Amino acid sequence: MSTPDILIAGLGPAGLALAAACSRRGLAVRTVEAHPGRTWSATYGMWHHQWERACAAFPELSGVPFSTTPRPRLIAPRRSGASPQFGLIAADYVVVDTAALQCALAAVCPPRMTSEEVLATADLGALAAQGTRVIDCRGAVPPDLRADPAAAACQTAYGVVLPAQHAREYLPGGAGCLMDWRTDAFGSPAKPSFLYAVNLPGDRMLLEETDLVGAPALTIARLRERLHQRLGWASPEPGTAGRAEGFADPDEIERSRGVLATEKVRFPVLPAVRPAGLETFGTAGTAGHPATGYSVGEILRSAESAADALAAGRPIPASTGVGTQALHRLGLRALLALEGPALQEMFAGFAALDMWRQHAFLDRSSKALPTGMAMTSQWWNTTNATRAAVARAALLGR
């Protein structure tokens, strides 16, 4: 095989989107992937304007099925004991058909570009040092870098997929939500989690209990237990098999409730350090939002500019500036240190923001000034006790 212009490691959304964009520019691309035939199975969501931009960049995506949750709600308790803050996110939320997204991007790429191969980070760094243009797209923390301190901060979740009509019975007003931080079903834990409930293609709905970020994060088993408690699934439906004493087997509970599929999520929110000279893209680079975990919309948006830079022999541009990166990491530091009521009320503060400040914080590519204004307004929308806790957490990490 002739020497490629670009060697891409990893064929998740970042690697495949970058390979497709580079192929359209006539670059010779070779990719290496440990499991090249694996179909993506994660749930990929983004804001509607991000999906529109992705379809403009990749017209092949226009036929990919997707489902929209119009202006999802955000519900969070107030520390003062007042009624929970109810807010609407000022944008529609899109979840795409993951397998169709993968097929659409793969169709842009040349056949036989992929080798079934595992290259360690050190090997990729050695190739880069020898002059090969190597782009690491293997995610924030690939398996051989799990000892890196970045691997400690993770987002975890456990979800069930139900027919949409059935799922809406568990949601007030039958409407989806980005975050419901109320924890009445399982007390007032020091480490709260939230319900994420969004529409999926095929008239289905995902109900998922999520730990936004933790070091360590809540376990999948604990989140599964909390989700069952939140939904009132302490035991199977009457007349179905179950254990005679205590809690029923969780698998039996889910079968009896008509669960179509389940999802287990665990991913680091910060990228591990790579060798000097090894370029990165996607969550291996700067596309991942460390304070929310969102990345796919930004990956699809920035793949074109990354490919332009590679074609011109320039470094891949960062998704956002140094100032915004610093602010997002400051927010992450606060999230890792906050507990219980203060963490919940921070999101009550976010629910009270206007649409411009919401967009400024949620969009990874926002400039530092609007991002800082949004974070300051969110902080100001809380009580004095929470402001003090957030300031202490952000500045001192405790």
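Report on the accompanying structure.

### Structural notes on the sheet that holds strand 3 (residues 45-47)
Note on sheets: strands pair through backbone hydrogen bonds, and any given pair is parallel or antiparallel. Here 3 strands make up an open sheet; going across it, the order is 3-7-4 and the pairing antiparallel. The open sheet has two edge strands with one neighbour each: strand 3 and strand 4 (66-69). Sheet twist, expressed as the average angle between the axes of neighbouring strands with direction ignored, equals 30°. Together, strand 3, strand 4 and strand 7 (93-96) form the strand contacts of helix 2 (residues 48-57), whose direction differs from that of strand 3 by roughly 95°.

### Description of empty space enclosed by the protein
Inspection of every chain in the model, using the stated rule, returns 2 cavities of 30 Å³ or more. Volume-wise, the largest cavity comes out at about 80 Å³. Forming the walls of the largest cavity are 13 residues, and the residues nearest its centre are Gln50, Tyr294, Ser295, Glu298 and Leu362. Elements with a contribution of two residues or more to the lining of the largest cavity: strand 3 and helix 8 (296-311). Of the residues belonging to the lining of the largest cavity, the class tally is 6 nonpolar, 5 polar and 2 charged. As a volume, the second largest cavity reaches approximately 30 Å³. Ranked by residue count, the leading element in the lining of the second largest cavity is strand 13 (residues 204-214), at 3 residues.

### A closer look at the packing of helix 2 against helix 8
Relative orientation of the contacting elements helix 2 and helix 8 amounts to 35°, with a least axis distance of 9 Å. Once helix 2 is placed against helix 8, the crossing between them reads as left-handed. Of the residues in helix 8, those in contact with Gln50, Trp51, Arg53, Ala54 and Ala57 of helix 2 are Gly297, Glu298, Leu300, Arg301 and Glu304. Here the residues of the contact of helix 2 with helix 8 sort into 4 nonpolar, 2 polar and 4 charged.

### Overview of the pattern of salt bridges
Tallied over the full model, the rule gives 18 salt bridges. The salt bridge involving Arg138 is made with Asp144; its shortest N-O contact spans 3.6 Å. Residue classification places Arg138 among the partly exposed residues on the basis of a relative accessible area of 22%. A salt bridge links Arg224 to Asp251; its shortest N-O distance comes to 2.6 Å. Here Arg224, found in helix 6 (residues 220-231), pairs with Asp251, found in helix 7 (residues 250-256); they are 27 residues apart in sequence, far enough to count as distant. In this structure, a network of salt bridges that share partners links the residues Arg24, Arg25, Glu60, Glu304 and Asp308.

Rules used throughout
- Residues numbered from 1 in each chain as written.
- Predicted model: local features only at pLDDT ≥ 70, side-chain atom pairs only at ≥ 80, totals over all residues.
- Heavy atoms only, no water.
- Pairing = 2+ DSSP bridges.
- Helix = DSSP H or I, 4+ residues; strand = E, 2+ residues; numbered from the N terminus.
- Axes fitted to C-alpha atoms, helices over the stretch in contact; angles between N-to-C directions.
- Contact = heavy atoms within 4.5 Å.
- 1 Å grid on protein atoms, 1.4 Å probe; cavity = no way out; pocket = protein on both sides within 12 Å on 5 of 7 lines; lining within 4 Å.
- Points joined across faces, edges and corners; volume = space filled by probe spheres on them.
- Nonpolar A, V, L, I, M, F, W, Y, C, P; charged D, E, K, R; others polar.
- Left-handed = near helix turned anticlockwise from the far one by under 90°.
- Salt bridge = Lys/Arg side-chain N within 4 Å of Asp/Glu carboxyl O.
- Buried < 20%, exposed > 50% of the residue type's maximum accessible area, 1.4 Å probe, protein only.

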